[in-house]
Amino acid sequence: MSVRFSCLLGILLTWSCAPTAPPIFPITELEYPSSLNVVRRADWGWKALQDTIPQHTISRITIHHSGVFFPEDKDPVAYLRHLQEWSRTERPWMDIPYHFMVDLDGVIYEARPLNYPGDTNTTYDPTGHALICLMGNFEEQSVTQAQWNSLVNLTAYLARTYSVPLWNLKGHKDYTETLCPGKDLYQYLESGELQKQVRRILEQP
Ligand SMILES: [Zn+2]
């Protein structure tokens with residue numbers, strides 16, 4: 001074998017056998033005020049992205065419920081891990097369909113990175129929407145005081161960070177045929193109470 005051929009073979013073997021590094025996808029990491037009780041993705045066992053979809057820019061905030069009755073003794077972290085697995089295997093989604101999930105104690109969990117649009121089983125286009133989902137089925141159960149406080153504070157934080165006008169703060173059912181976010185939660189959007197409480201925070205210096 002000539003020297004030149006063996007070198008070429010060596011280069012080809014090295015190239016084809018080299019371990020491929022996992023892809024790195026851009027993720028927007030947010031700075032939260034200490035008043036927000038946020039658990040970051042890395043702290044609840046979120047698994048890294050395997051693929052992505054085109055990024056977007058936030059111009060709306062849309063409120064959801066998870067749509068499944070959430071008992072007080074259910075473990076929210078186990079639920080999140082299962083939801084991520086389900087989203088990636090049973091649904092054709094890159095991740096959990098929502099950006100933030102709020103448990104009954106008002107703990108806010110980061111879910112899908114905010115720089116990627118969410119997903120939906122319904123017909124609206126979530127591009128440009130920051131999606132906040134409260135755990136529970138608010139056709140059957142009531143929003144807890146802790147969930148409400150976190151919803152108001154998180155919505156205000158996102159509205160301020162992305163300059164979202166409050167007329168773009170809506171519920172899922174404002175965009176398509178669905179019960180989401182459930183009547184006990186939707187009443188606060190319909191009455192303007194959520195917008196009022198968020199505005200009160202935004203008007204603070
Ligand atoms: Zn929804």
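See above for the structure.
As a starting point, this report considers the structure included with it. Note that the coordinates shown come from a computational prediction; the quantities given were computed from them, not determined experimentally. (Residues numbered from 1 in each chain as written. Predicted model: local features only at pLDDT ≥ 70, side-chain atom pairs only at ≥ 80, totals over all residues. Heavy atoms only, no water.)

### With respect to the overall build of the protein
The condition is simple: Here a strand is any run of E in DSSP of at least two residues, a helix any run of H or I of at least four, and the numbering for each starts at the N terminus. As a reference, a globule follows 2.2 Å times the number of residues to the power 0.38, and the radius of gyration itself is taken over C-alpha atoms.
When helices and strands are tallied, the protein shows five helices and six strands. The N-to-C order of helical and strand elements in the protein reads α-β-β-α-β-β-β-α-β-α-α. Rg of the C-alpha trace for the protein: 21 Å, well past the compact-globule value of 17 Å for 205 residues, more than 25% over. Taking the principal axes of its C-alpha atoms as reference, the protein extends roughly 80 × 40 × 35 Å.

### Quick word on the pattern of salt bridges
The criterion, for reference: What makes a salt bridge here is a side-chain nitrogen of Lys or Arg within 4 Å of a carboxyl oxygen of Asp or Glu, nothing more. Each residue is assigned to one of three classes by its accessible area relative to the maximum for its type, calculated with a 1.4 Å probe on protein chains only: buried under 20%, partly exposed between the two thresholds, exposed over 50%.
Applying the stated criterion across every chain, the model contains eight salt bridges. A salt bridge links R41 to E29, with the nearest nitrogen and oxygen atoms 3.7 Å apart. In this pair, R41 is assigned in the loop between β1 (38–39) and β2 (60–65) and E29 in the loop between α1 (3–17) and β1, connecting sequence segments 12 residues apart. On the basis of relative accessible area, R41 is assigned to the buried category, the value being 5%. A residue is classified by how much of its surface remains accessible, and E29, at 52% relative accessible area, is exposed.

### Quick word on the coordination of the zinc ion
Operational definition: Only nitrogen, oxygen and sulfur atoms within 2.8 Å of the metal, or 3.2 Å for Na, K and Ca, are treated as donors, and water is left out, so sites may look incomplete.
Taken together, H64 (ND1), H172 (ND1) and C180 (SG) make up the protein donors of the zinc ion, found 2.0 to 2.2 Å from the metal. Written as a sequence motif, the donor arrangement for the zinc ion is H-x107-H-x7-C. Here H64 is found in strand β2, whereas its partner H172 is found in the loop between β6 (169–171) and α4 (183–190), with 108 residues between them in sequence. Overall, the relative accessible area of 2% leaves H64 in the buried class.

### A closer look at the environment of Y157
For clarity, the threshold we go by: Throughout, a contact is declared for two residues whenever any of their heavy atoms are within 4.5 Å.
As for its position among the elements, Y157 is in helix α3 (residues 145–161). Along the sequence, Y157 and S87 sit 70 residues apart, while their C-alpha atoms lie 27 Å from each other. Those residues in contact with Y157, other than ones at most four positions away along the chain, are L30, E31, Y32, P33 and L36.

### Re the sheet that holds strand β4 (residues 108–110)
Put simply, the rule reads: Criterion used throughout: strands pair if DSSP finds at least two bridges between them. Inter-axis angles, ranging from 0 to 180 degrees, are taken between N-to-C directions of lines fitted to C-alpha atoms, where helices are fitted over the stretch in contact.
With mixed pairing, six strands are arranged side by side in an open sheet as β1-β4-β3-β5-β2-β6. Pairing within the sheet leaves two strands with one partner each, and these edge strands are β1 and β6. Here β1 runs beside β4; their pairing, made up of two bridges, is parallel. The residue bridging V38 from the neighbouring strand is I108, located in β4. The sheet contacts of α3 involve β2, β3 (100–102), β4, β5 (129–134) and β6, and relative to β5 the element is tilted by about 170°.

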